[in-house]
Every structure is written in structure tokens, then in C-alpha cells.
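Each chain, written out:
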Amino acid sequence: MRKSTALLFGYNDYTLEIVKNISLYYENIKIFRLDEGSDKNIQNSKYEILRFDLSDDWDELKGSVNIDECTAFCVLEDTAENIFLTISLREAFRELSIVALAEDKESSDKLSLAGASRVIPTIQTTANMIVEMLEKPIITQVLHNILYEKSDLKIAQIRVDNAHRFEGAYPYDIDWGAEYNVLVLSVLREDLETEFIYSSKAKHHQIKEGDVFVVVGYEKDLGEFERIMGSRYD
């Protein structure tokens, strides 16, 4: 069942990626812009784009949508502004589902304290992963549930510090589910290049020290995988 409305506060590259990923799940999508900024893609947008101010009392929003059927996405690029926005929305709407972007663990903790229902990372690997998986509906649905809805599954970034375990293997060749009870989605190389593990590109790169896996799994399994692999960046 689709929810009624997605409210995205902030207009930037992350906004556009999130819109692509949630468009099948919401009947309406409203994008709120904080400042004048650039009008890139605005003429071609099929979604309603409105202005808002951090001092808004949200009375106009209350009158235009059914808040009980909405999900708010706080995607402002300035961390302090995103935290303030989250506090403001939570104060005005106690039951509103709020998804907020965080650039690091510290801002993630602050956003949770500010009232965010769910916090997701603004790492490039997440954006790339969404783009590459859009053509696979079943995976897109799983990803949507992990990122934007309540789910026992989690996404983590885990660094490979024990590459000798793989003896020159390729990520594509390993049955991660059978051997480790997790799903490896993509690999972030030391040169910051991201590879979806089922792409042809990834098939030609062996697992190396310093690689960072983007992994889906249950908390207990991710903890065990972290122990086996090395450091965790979630």
C-alpha cells in the first residue's frame, strides 16, 4: 500500500536520488527549497517544488496535507540546519515519520536526539548503489524498506583488514549469504571508486586490504562479519 505524500526538505543531488528511489511508494512528492540557489532540473521536474524557511510554524503545511499519511525527508546539506529542521518538525508533528541525512556518526547521533525516526548516511556509496539498483525492482523494494521504513535489516560499511582470507578472490565469486549470512552490495576502493559487486567492472578487481564493503544484514550477523573482516564504518 502506497503512502500518501513524501515531503522532501532540501533541493540538491541527494534529493534527486531519493526521489528516484521513492517515487513508486508515494502518491505525491513535494520538494521544499530553503533558499534561492540553483534552478537546475526545476523546469523539468514533475514534482511540486515549494519554498520554506527554518522559522516556519508549519501552519500552511498542516492545512495542505494529511500529516498522518506523510513521511518527511530532511536532506539539507548544512548539518546544523538539518538538525534544527528535524527539531522543528518533530515539535510540530509528534507522530510524523522523519528520515534525515547524516554526514557522520556524530551528526547521526544528534539527528536521532533531535527526533529523526530514521537516519541514513550521505555517503557516495549509498547514492551510487541506489542508481545501480533502480532497474532491479525486488532489490529496490528491499533497499527502500531498509532505508526508509522500519526494518530489522541494517546497512553497514565494513573495511577489509584481512584480505589474506580471500586469497585473491573476487567479490562476485563469493556466496556471501551462505558463508557469512550477509549480502554485500558494493565495494568502495581505496581510490574512492565504487563498484556494484555484480557489475562487469567488479569481476576484474580482486579483494584487497582497505576495501570497504557496503553490506546488508541483521545486527548480529553484521557484528560477526565485522569481527571477521575488520573495522566498521556505519
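Quick caveat: nothing in here was measured; it's all calculated off a predicted structure. (Residues numbered from 1 in each chain as written. Predicted model: local features only at pLDDT ≥ 70, side-chain atom pairs only at ≥ 80, totals over all residues. Heavy atoms only, no water.)

Draft legend 1. Representation of the pattern of salt bridges in the model. Per the stated rule, a full pass over the model turns up five salt bridges. Lys62 serves as the salt-bridge partner of Asp59, at 3.9 Å between the closest nitrogen and oxygen. You can see Asp59 and its partner Lys62 sitting in helix α2 (residues 59-64), three residues apart, about one turn around the helix. Judged by relative accessible area, Asp59 falls into the partly exposed class, the value being 47%. The exposure class of Lys62 is partly exposed, given its relative accessible area of 42%. When the shortest N-O distance is used, the salt bridge between Arg227 and Glu224 registers 2.5 Å. (Salt bridge = Lys/Arg side-chain N within 4 Å of Asp/Glu carboxyl O. Helix = DSSP H or I, 4+ residues; strand = E, 2+ residues; numbered from the N terminus. Buried < 20%, exposed > 50% of the residue type's maximum accessible area, 1.4 Å probe, protein only.)

Draft legend 2. Structural view of the nonpolar core. Phe9, Phe52, Trp58, Leu61, Leu85, Leu89 and Leu96 are the most contacted members of the largest nonpolar core, which has 24 residues in total. Each residue touching Phe9, except ones within four places of it in the same chain, is listed here: Phe32, Phe52, Trp58, Leu61, Ala72, Phe73, Cys74, Val75, Leu76, Leu85 and Leu89. Counting residues in each nonpolar core, the second largest holds 18 residues, with Ala156, Ile158, Val215 and Leu222 among its members. (Core = buried A, V, L, I, M, F, W, Y, C linked by side-chain atoms within 4.5 Å. Contact = heavy atoms within 4.5 Å.)

Draft legend 3. Spotlight on helix α4 (residues 105-114). Looking at α4, one finds that the buried residues are Ser107, Ser108, Leu111 and Ala114. The buried residues of α4 occupy an angular sector of 125° when the element is viewed end-on, so they sit on one face. The secondary structure elements touched by the buried residues of α4 are α3 (79-92), β5 (97-102) and β6 (118-121). (Arc of directions from axis to C-beta.)

Draft legend 4. Expanded view of the packing of aromatic side chains. Enumeration over the complete set of coordinates arrives at 11 aromatic pairs. Look at Phe32 and Phe52: their rings are 6.4 Å apart centre to centre, the planes differ by 85°, and that puts the pair in the edge-to-face class. Taken together, the residues Phe32 in strand β2 (residues 26-33) and Phe52 in the loop between β3 (48-51) and α2 connect sequence positions 20 residues apart. The same class applies to Phe32 and to Phe52, which are both buried. Both rings, one in Trp176 and one in Phe213, keep their centres 5.3 Å apart while their planes meet at 70°; by these two values the pair is edge-to-face. Here Trp176 is found in helix α7 (residues 176-180), whereas its partner Phe213 is found in strand β10 (residues 212-218), with 37 residues between them in sequence. An aromatic cluster of three or more residues is present, and its members are Phe166, Trp176, Tyr180, Phe213 and Phe225. (Phe/Tyr/Trp six-rings, centres within 6.5 Å; stacked < 30°, edge-to-face > 60°.)

Draft legend 5. Focus on the environment of Lys30. Tracing the backbone through its elements, the reader meets Lys30 in strand β2. On the basis of relative accessibility, which here comes to 14%, the residue Lys30 falls in the buried class. Here the alpha-carbon distance between Lys30 and Tyr47, two residues 17 residues apart in the chain, equals 6.2 Å. Excluding residues within four positions of it along the chain, Lys30 makes contact with Thr5, Ala6, Leu7, Leu8, Glu48 and Val65.

Draft legend 6. Summary view of the environment of Gln206. Looking at the secondary structure, you find Gln206 in the loop between β9 (194-196) and β10. On the basis of relative accessible area, Gln206 is assigned to the partly exposed category, the value being 35%. Remark: the alpha-carbon pair of Gln206 and Gly168, spanning 38 residues in sequence, is separated by 5.5 Å. Here Gln206 is in contact with Gly168, Ala169, Tyr170, Arg189 and Asp211, once residues within four sequence places are set aside.

Draft legend 7. Structural detail: α3. Over its 14 residues, α3 runs 20 Å from end to end, which matches the ideal 20 Å to within 8%, given 1.5 Å per residue. Turning to α3, its buried residues are Asn82, Ile83, Leu85, Thr86, Ser88, Leu89 and Arg90. (Expected span 1.5 Å × (residues − 1).)

Draft legend 8. Summary view of the pairing of β5. Where burial is concerned, most of β5 is hidden: five out of the six residues are buried. Pairing analysis gives four bridges linking strand β4 (residues 70-74) to β5, with the strands arranged parallel. Within β5, the position partnered with Thr71 by the bridge is Ser97. Here β5 runs beside β6; their pairing, made up of four bridges, is parallel. Counterpart to Ala100 in the pairing with β6 is Val119. (Pairing = 2+ DSSP bridges.)

As far as function goes, none of this settles anything; it's purely spatial.
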